[in-house]
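Observations on the three-dimensional arrangement
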Amino acid sequence: DIQMTQSPSTLSASVGDRVTITCRASQSISTWLAWYQQKPGTAPKLLMYKVSSLESGAPSRFSGSGSGTEFTLTISSLQPDDFATYYCQQYNSYPWTFGQGTKVEIK
Amino acid sequence: EVQLVESGGALVQPGGSLRLSCGASGFTFSTYEMDWVRQAPGKGPEWISKISSSGNTIYYADSVKGRFTISRDNPKNSMYLQMNSLRVEDTAVYYCARDRDSQGFLDSWGQGTPVTVSS
């Protein structure tokens, strides 16, 4: 199975900060990577797919980059609605796997 | 509007069985691959199974293979997860999710149904 490792596990930041979350795959997944946002008590919500394609309705302050085994999700200017947990997911090969999550907290 | 609604979650003893349902609306269900994903308390999501639009192709995670069975009824716009030989480690919120255009990422999720396996 492909292991997905996110860093950091927790990130403390302020409104307006630029935030970067890293996701590493244990083997190459090309660009078959998605990012999800999850708030407490709700289902994950698709943010980005194929590394850098922004899901319809997602704010343009979110961007993604990377290929192969290293990927990043960047929030250009953190907004109050962005405090949540973020997960990466590879869909290069079965079983699809998710990272363990990065919780973005208010500093 | 796409809607996915899970049901059937409950408290069950180890070794027991449960059948989850997922009702879909707002899209042409019969043309989409569908998935089950679970999330244990405090953990990240875990993909557990996928079924093709026709139901002919199915995948499982090793953690549930041989114990869980995914199925769908397209005329009823519904998907199911039959869970047998349940273990304590199967305790989680179970989500059904839609795979956009069979690409592999999940663009719509239900609200989830909780399954607790405990004696």
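Because the structure is a prediction, the values reported are computed rather than measured.

What to know about the overall build of chain A
Of regular secondary structure, chain A possesses zero helices and eleven strands. Computed over C-alpha atoms, the radius of gyration of chain A comes to 13 Å, within 12% of the 13 Å expected from 2.2 N^0.38 for 107 residues, which places it in the range of a compact globule. Dimensions along the principal axes, computed over C-alpha positions, put chain A at roughly 35 × 25 × 25 Å. Here chain A holds 107 residues, and 50% of them are scored as buried.

Quick word on the interface of chain A and chain B
Across the boundary between the two partners, chain A contributes 18 residues, which contact 20 residues of chain B. Across the chain A to chain B interface the summed buried area is about 1600 Å²; carbon plus sulfur atoms make up 65%. Broken down residue by residue, the surface that chain A buries against chain B is led by Y94, W96 and F98 of chain A, which jointly contribute 37%. One can count one salt bridge joining chain A with chain B. A salt bridge links R100 of chain B to E55 of chain A, with the nearest nitrogen and oxygen atoms 2.6 Å apart. Counting across the chain A and chain B interface gives five residue pairs in polar contact (both at pLDDT 80 or more). Broken down by element, the side of chain A that touches chain B gets its largest block of residues, three residues, from strand β4 (residues 33-38) of chain A. Grouping the amino acids of the side of chain A that touches chain B by side-chain chemistry returns twelve nonpolar, five polar and one charged.

Let's talk about the pairing of strand β7 (residues 68-73) of chain B
Judged by which residues are buried, β7 of chain B turns out to be one-sided: F68, I70 and R72 of chain B face inward and are buried, whereas T69, S71 and D73 of chain B, on the alternate face, are not. What sits between β7 of chain B and strand β8 (residues 78-83) of chain B in their antiparallel hairpin is a turn of four residues, with N77 of chain B showing a positive phi close to 50 degrees.

Concerning the state of the cysteines
Residues and elements named next belong to chain A. Counted by the stated rule, this structure contains two disulfides over all chains. At a sulfur-sulfur separation of 2.1 Å, the disulfide partner of C23 is C88. Disulfide C23 to C88: torsion about the S-S bond roughly 75 degrees, handedness right-handed. Here C88 lies in strand β9 (residues 85-90) and C23 lies in strand β3 (residues 19-25), a separation of 65 residues in the sequence. When its relative accessible area of 0% is taken as the criterion, C23 is described as buried. With relative accessibility at 0%, the residue C88 sits in the buried group.

Considering unusual backbone geometry
In most cases, non-glycine residues show a negative phi, while peptide bonds are predominantly trans. Residue and element names in this part refer to chain A. A cis amide bond, omega -10 degrees, links S7 with the succeeding residue P8. Among the secondary structure elements, P8 is positioned in the loop between β1 (4-7) and β2 (10-13). A cis amide bond, omega -5 degrees, links Y94 with the succeeding residue P95. In this fold, P95 is placed in the loop between β9 and β10 (97-98). Phi at V51 is positive, roughly 70 degrees, even though this residue is not glycine. Along the chain, the position of V51 falls in the loop between β5 (45-49) and β6 (53-54). When its relative accessible area of 3% is taken as the criterion, V51 is described as buried.

About the cut-offs
Residues numbered from 1 in each chain as written. Chains lettered and ligands numbered in written order. Predicted model: local features only at pLDDT ≥ 70, side-chain atom pairs only at ≥ 80, totals over all residues. Heavy atoms only, no water. Helix = DSSP H or I, 4+ residues; strand = E, 2+ residues; numbered from the N terminus. Rg over C-alpha atoms; globule rule 2.2 N^0.38 Å. Buried < 20%, exposed > 50% of the residue type's maximum accessible area, 1.4 Å probe, protein only. Contact = heavy atoms within 4.5 Å. Buried area = accessible area lost by both parts, 1.4 Å probe. Salt bridge = Lys/Arg side-chain N within 4 Å of Asp/Glu carboxyl O. Polar contact = N/O pair within 3.5 Å; in protein donor to acceptor, adjacent residues only side chain to side chain. Nonpolar A, V, L, I, M, F, W, Y, C, P; charged D, E, K, R; others polar. Pairing = 2+ DSSP bridges. Disulfide = S-S within 2.5 Å.

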